[in-house]
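Here's the letter readout for the chains.
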Amino acid sequence: MQELQGKTTYGTMVIKCKAAVAWEPNKPLVIEEIEVAPPQANEIRIKMVATGVCHTDLYHLFEGMHEGGFPVVLGHEGAGIVESVGPGVTEYQTGDTVIPLFLSQCKECRFSNFVFLSRFTCKGKKLLQFVGTSTFSEYTVVNQMAVAKIDPAAPLDKVCLLGCGICTGFGAAVNVAQVEPGSTCAVFGLGAVGLAAVMGCHFAGAKKIIAVDINPEKFEMAKVFGATDFVNPKDRSKPISEVIAEMTNGGVDFSLECVGSVGVMRSALESCVKGWGVSVIVGWTDLCDFAARPIQLIAGRTWKGALFGGFKSRDGVPQMVQSYMDKKVKLDEFITHNMPLAQVNDAIELMKNGKWYIYILYVYIIEDLQTELYKDKH
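A brief look at the structure comes next. All figures in this text were calculated on a predicted structure; none of them were measured in a lab.

## Considering the nonpolar core
Ranked by internal contacts, the top residues of the largest apolar core, which has 95 residues, are Val 159 and Leu 256. Both of domain 1 (15-163 + 330-373) and domain 2 (166-307) provide at least three residues apiece to this core.

Below, the structure written as structure tokens:
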């Protein structure tokens, strides 16, 4: 076994391991033995310990533009331990606790970018790596610009969720909308991202947070994250924007759309107060155009988008981990199921069929063979 502490191990050998492979769209994933190449220059090979299942994984599998997107190893909300590094890597060493990032940060310019690799093969075929991470695998290889080193004491089966959804929703409220103390907010959609947005509004000091969803079973959990009011559009005869305007004397100061529906995006915008209201598009979709009447913006509203909650990934994720460790943000409450990698299709079905969730559309998978590599760190 490789030395974990105080020594950098340079990867030279191919590793064979298990991974959940999506061979084609709209079909179950298959647990396969794959080959993971050693890290090349400026790359890191990570032993994954835990990974979340995010709706973006399902979007690629069932809804996205499929041409050229398969076969692929999905997953992008993970946490693990550095197994080895490639030439040129100086900030990371074997044994570091890390979260791979779908959005990279070079720290040398003002931009964030996607860095895509392909270091997997199976049955003689090259497998794509999903958004440069592919956390549905026991091992993965990522560019060093797409890795956040985190507190080694952090529980990986909790902080893995900071790789996407929680930072996305929380940051959309705090960083992008810039919710202000004493303000009024509306959050549309109460999946993990929406609940994280509620948490962000509460963190920022909003006095009124209206949670909007068509599933009333989610409202009790929304209270845990700070929601003060709840609206089910199915129970109302008026457009939801009119309902919210009546509840807030003209509209909310901030609204966040966390569904990925162009119709809900417009409703969220129209729910903002004229003059200064800010609406943020958070939900992911690329299937339809969105639209609104120009007067909605001429009247003084602002319509914005948010990617990864406006965080600079390598800086922001360790900060969010520390906030969790300091009990300033919640993570445990987002988790509804623990499953081994072999049950990934069960996890996907649970997320697809929201009726199985008492509170939120979120599960995470913990690899059932966590190995001495993980045990030595904890």
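Back to the text.
## A look at helix α4 (residues 192-203)
Over its 12 residues, α4 extends 16 Å from the first C-alpha to the last, a length consistent with the 16 Å expected when each residue adds 1.5 Å. By the criterion of burial, α4 is predominantly enclosed, with nine of the 12 residues buried. Among the residues of α4, those classed as buried are Ala 192, Gly 194, Leu 195, Ala 196, Ala 197, Val 198, Met 199, Gly 200 and Cys 201. Of the surrounding secondary structure, the elements contacted by the buried residues of α4 are α3 (165-177), β13 (184-188), β14 (208-212), α5 (219-225) and β16 (254-257).

## Some details on the environment of Phe 311
Assignment of secondary structure puts Phe 311 in the loop between β18 (302-305) and α9 (313-325). For Phe 311, a relative accessible area of 12% puts it in the buried group. Considering only alpha carbons, one finds Phe 311 and Cys 167, 144 residues apart in sequence, at a separation of 7.6 Å. With near-sequence residues (within four places) excluded, Phe 311 lies in contact with Cys 167, Phe 170, Gly 171, Asn 175, Gly 316 and Met 320.

## A word on the sheet that holds strand β17 (residues 278-281)
On the basis of which strands lie adjacent, the open sheet formed by six strands has the order β15-β14-β13-β16-β17-β18 and parallel pairing. In this open sheet, the two edge strands, each paired with only one partner strand, are β15 (229-231) and β18. Between one strand axis and the next, the sheet turns by 20° as a mean value, whatever way the strands run. Pairing between β16 and β17: four bridges, direction parallel. The partner of Phe 254 across the bridge, within β17, is Val 278. Contacts between helix α6 (residues 240-248) and the sheet are confined to β13, β14 and β15, with β14 contributing the most and set at about 160° to the helix.

## Quick notes on the pairing of strand β10 (residues 125-129)
Pairing of strand β4 (residues 72-73) with β10, which is carried by two bridges, proceeds in the parallel orientation. Looking at β10, one finds that Val 73 is bridged to Gln 129. Where strand β9 (residues 120-122) lies against β10, three bridges are found, and the strand directions are antiparallel. Across the sheet, Cys 122 pairs through a bridge with Lys 125, a residue of β10.

About the cut-offs
- Residues numbered from 1 in each chain as written.
- Predicted model: local features only at pLDDT ≥ 70, side-chain atom pairs only at ≥ 80, totals over all residues.
- Heavy atoms only, no water.
- Core = buried A, V, L, I, M, F, W, Y, C linked by side-chain atoms within 4.5 Å.
- Buried < 20%, exposed > 50% of the residue type's maximum accessible area, 1.4 Å probe, protein only.
- Domains from an automatic or database assignment.
- Helix = DSSP H or I, 4+ residues; strand = E, 2+ residues; numbered from the N terminus.
- Expected span 1.5 Å × (residues − 1).
- Contact = heavy atoms within 4.5 Å.
- Pairing = 2+ DSSP bridges.
- Axes fitted to C-alpha atoms, helices over the stretch in contact; angles between N-to-C directions.

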